[in-house]
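Structure assessment
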Amino acid sequence: MSKFSLVMHGGAGTILKQDMSPELEQAYMTALKAAVDAGYELLEKGDSAIYAVKSAVMVLEDCILFNAGKGSVFTKEGVQEMDAAIMDGYDLSAGAIAAVRNVRNPIELASEVMLHSNHVFLSGKGAGDFAIRQRVRLEPDEYFFSQFRYDQWKSIRDSDNYALDHSLEELMKDKKFGTVGAVACDVKGNLAAATSTGGMTNKKYGRIGDSPLIGCGTYANNRTCAISCTGHGEMFIRSVAAYDVSCLMEYKGYSLEKAMELVINEKLHLIQGEGGMIGVDAKGEVAMVFNSEGMYRGFRNSEGLNEISIYM
Ligand code: ASP
C-alpha cells in the first residue's frame, strides 16, 4: 500500500490579506477544506485517484466563490463559457471540453468524454449536444450568475483587455485566477488530475485557456506526476507547463518539487507568466508552487498532514 494524497487549488493571483475580510477568508478556507475532505475520504475508502479528483473539483464548481461552474467569469459577450479537463495517469486516458454553457459540472462532462466518447476534446455546441446525450446535469444562466464576477466584467467590458492585463492599481485587485483543480495519488499509486475554469474575464473570439489542454494546464502519468495549473493561461500554453514538469522528471530525473520550481519560477517567469500549479508523484509526495502573491490551496495525505492556505 502506498501513501495516498490529494491536493487542490482554487486559483492563484494577486490575493492579498489586506484585501480580504475575515469572513471572506473563512468562507474560502471552509470551501477548500470541504473539497479536499470530499476527495480524500474517497481515497481513504480505497477509491481511485480519478474518481477522487473529479468529486473534489465538483465541490468547488458548486461553490460560487470560485471561477468554475457556478460563479464563472463573464466573456466579452457577457455570457459564461467553461473549460475543463481530466486525465488518468494509469493509462493516459483523458477527456476535455471547452466553451460549454449551462453545464452544472464541466468536470463531469470532461469525464464523460474520457469514458464514453471516442474522442479526447469536445468544444462549443458539439460538447453541449454530447452533454444532453449523456444526461449531464444542466442549469439555466441564472444559476451561474455571481454579482461579484458581473461587476468585475462591467469594469472592463468596454476595453479590449481581459482582466489580468491591467496594471492599474484598482484593477490589480481583480488579478485573480479562480480556476479550480485537484490532483491525487491513490492507495495503488495511480495518479490523476482534473482542472475546471470559467477562463478569464472579458475573454473573446472563443478564447480557450490552458486548463482543458492536456499537457498545458492538466496532465497525469503514473510514471511521473499529476499536475493541475492556474494562472495566465496563454503563458501556460506556450510553456506546455504541466507536461514539462513530467518531462523533467522522466528524462532528467528531477524530483516533483524541483521540476515544478523550474517551470513556475524560471521558465514561466521568463515570459511574464503569472500563476501556479499543484502536483503529486507516484509515491504520494505533493508540491504546491506559485509565483503570484497567493494561491488558494490545500492538501491531505495518509500520514495525517492536512493543510489549507491562501497567501505566500
Ligand atoms: N488558467 C485559466 C485560464 O487561463 C485561468 C485561471 O487559472 O483562473 O483560462
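Below, the structure is looked at part by part. A quick note: this is a predicted structure, and the numbers were derived from the prediction, not measured. (Residues numbered from 1 in each chain as written. Predicted model: local features only at pLDDT ≥ 70, side-chain atom pairs only at ≥ 80, totals over all residues. Heavy atoms only, no water.)

Take the overall build of the protein next. Secondary structure assignment for the protein yields 10 helices and 12 strands. The C-alpha radius of gyration of the protein comes to 17 Å, within 12% of the 20 Å expected for a compact globule of 312 residues. Referenced to the eigenvectors of the C-alpha coordinate spread, the extents of the protein come out at roughly 55 × 45 × 35 Å. A separation of at least 24 residues holds for 69% of the contacts in the protein among residues at least 6 apart in sequence. Accessible surface for the protein amounts to roughly 12700 Å². Of this, 52% is attributable to carbon and sulfur atoms. (Helix = DSSP H or I, 4+ residues; strand = E, 2+ residues; numbered from the N terminus. Rg over C-alpha atoms; globule rule 2.2 N^0.38 Å. Contact = heavy atoms within 4.5 Å. Areas by Shrake-Rupley, 256 points an atom, 1.4 Å probe, with all protein chains shown as cover.)

This brings us to the site of the ligand. Residues in contact with the ligand, as listed here, are Phe177, Gly178, Thr179, Gly199, Met200, Arg207, Gly209, Asp210, Ser211, Thr230, Gly231 and Gly233. Taking threonine 179, its side chain carries an N or O atom lying 2.5 Å from an oxygen atom of the ligand. Between threonine 230 and the ligand, the recorded distance is 2.7 Å, taken from a side-chain N or O atom to an oxygen atom. When the ligand is considered free in solution it has 270 Å² of accessible area, and contact with the protein chains removes 100% of it. By residue class, the composition of the shell around the ligand is two nonpolar, eight polar and two charged. (Near = heavy atom within 4 Å. Polar contact = N/O pair within 3.5 Å; in protein donor to acceptor, adjacent residues only side chain to side chain. Nonpolar A, V, L, I, M, F, W, Y, C, P; charged D, E, K, R; others polar.)

On to the nonpolar core, then. As a rule of thumb, nonpolar side chains are buried together in soluble globular proteins. Ranked by size, the top nonpolar core spans 51 residues in total, and within it Met8, Phe66 and Ile97 carry the most contacts. Of all the elements, helix H1 (residues 22–44) adds the most residues to this core, at eight residues. Not counting chain neighbours up to four residues away, the residues in contact with phenylalanine 66 comprise Gly10, Tyr28, Ala31, Leu32, Leu60, Gly71, Ser72, Arg149, Gly178, Val180 and Tyr296. Ala12, Tyr254, Leu256 and Ala287 belong to the second-largest nonpolar core, a separate cluster that totals 37 residues. (Core = buried A, V, L, I, M, F, W, Y, C linked by side-chain atoms within 4.5 Å. Buried < 20%, exposed > 50% of the residue type's maximum accessible area, 1.4 Å probe, protein only.)

Attention shifts here to helix H6 (residues 147–156). All buried positions along H6 are accounted for by Arg149, Gln152, Trp153 and Ile156. The arc enclosing the buried residues of H6, seen along the axis, measures out at 95°, which places them on a common side. (Arc of directions from axis to C-beta.)

So, on to the packing of helix H2 (residues 49–61) against helix H3 (residues 106–116). Helix-helix packing: each pair is described by the crossing angle between the helix axes and the interaxial distance. Across the interface, H2 lies against H3 with an axial gap of 8 Å and an inter-helix angle of 150°. Classed by the angle they form, the pair H2 and H3 counts as roughly antiparallel. Of H3, the residues touching H2 (which contributes Ile50, Lys54, Val57, Met58 and Glu61) are Pro106, Ile107, Glu108, Ser111 and Met114. A per-class count over the contact of H2 with H3 returns six nonpolar, one polar and three charged. (Axes fitted to C-alpha atoms, helices over the stretch in contact; angles between N-to-C directions. Parallel < 35°, antiparallel > 145°, perpendicular 65-115°, else oblique.)

Looking now at the environment of tyrosine 311. Along the chain, the position of tyrosine 311 falls in strand E12 (residues 306–311). If near-sequence neighbours (up to four positions away) are discounted, tyrosine 311 is found in contact with Ile15, Leu16, Lys17, Met20, Glu25, Phe290, Glu293, Gly294 and Arg297. Only 2.7 Å separates the side chain of tyrosine 311 from the side chain of glutamate 25, close enough to count as a polar contact.

Further remarks concern the packing of aromatic side chains. Taken as a whole and judged by the stated rule, the model has 11 aromatic pairs. Between phenylalanine 145 and tyrosine 150, the ring centres sit 5.4 Å apart and the planes meet at 45°, which makes this aromatic pair tilted. Using a relative accessible area of 34% as the deciding quantity, one classes phenylalanine 145 as partly exposed. Linked through ring pairs, Phe74, Phe145, Tyr150 and Trp153 together constitute an aromatic cluster. Of note, arginine 157 hangs over the ring of tryptophan 153, and the distance from its end group to the ring centre comes to 5.0 Å. Lysine 258 extends its terminal NZ or CZ atom over the ring of tyrosine 254, reaching a point 4.2 Å from the ring centre. (Phe/Tyr/Trp six-rings, centres within 6.5 Å; stacked < 30°, edge-to-face > 60°. Lys NZ or Arg CZ within 6 Å of the ring centre and 35° of its normal.)

Time to look at the packing of H1 against H2. Running from N to C, H1 and H2 point in directions that differ by 160°, and their axes come no closer than 8 Å. The pairing of H1 with H2 is recorded here as roughly antiparallel in orientation. For the crossing formed where H1 meets H2, the hand is right-handed. In contact with Ala31, Leu32, Ala34, Ala35, Ala38, Gly39, Leu42 and Leu43 of H1, H2 contributes Ala49, Tyr51, Ala52, Ser55, Ala56, Val59 and Leu60. Residues that form the contact of H1 with H2 fall into these classes: 13 nonpolar, two polar and no charged. (Left-handed = near helix turned anticlockwise from the far one by under 90°.)

Along the chain, threonine 179 falls in the loop between helix H7 (169–172) and strand E5 (180–185). For threonine 179, a relative accessible area of 7% gives the class buried. Here the side chain of threonine 179 touches threonine 197 through a polar contact of 2.6 Å, side chain to side chain.

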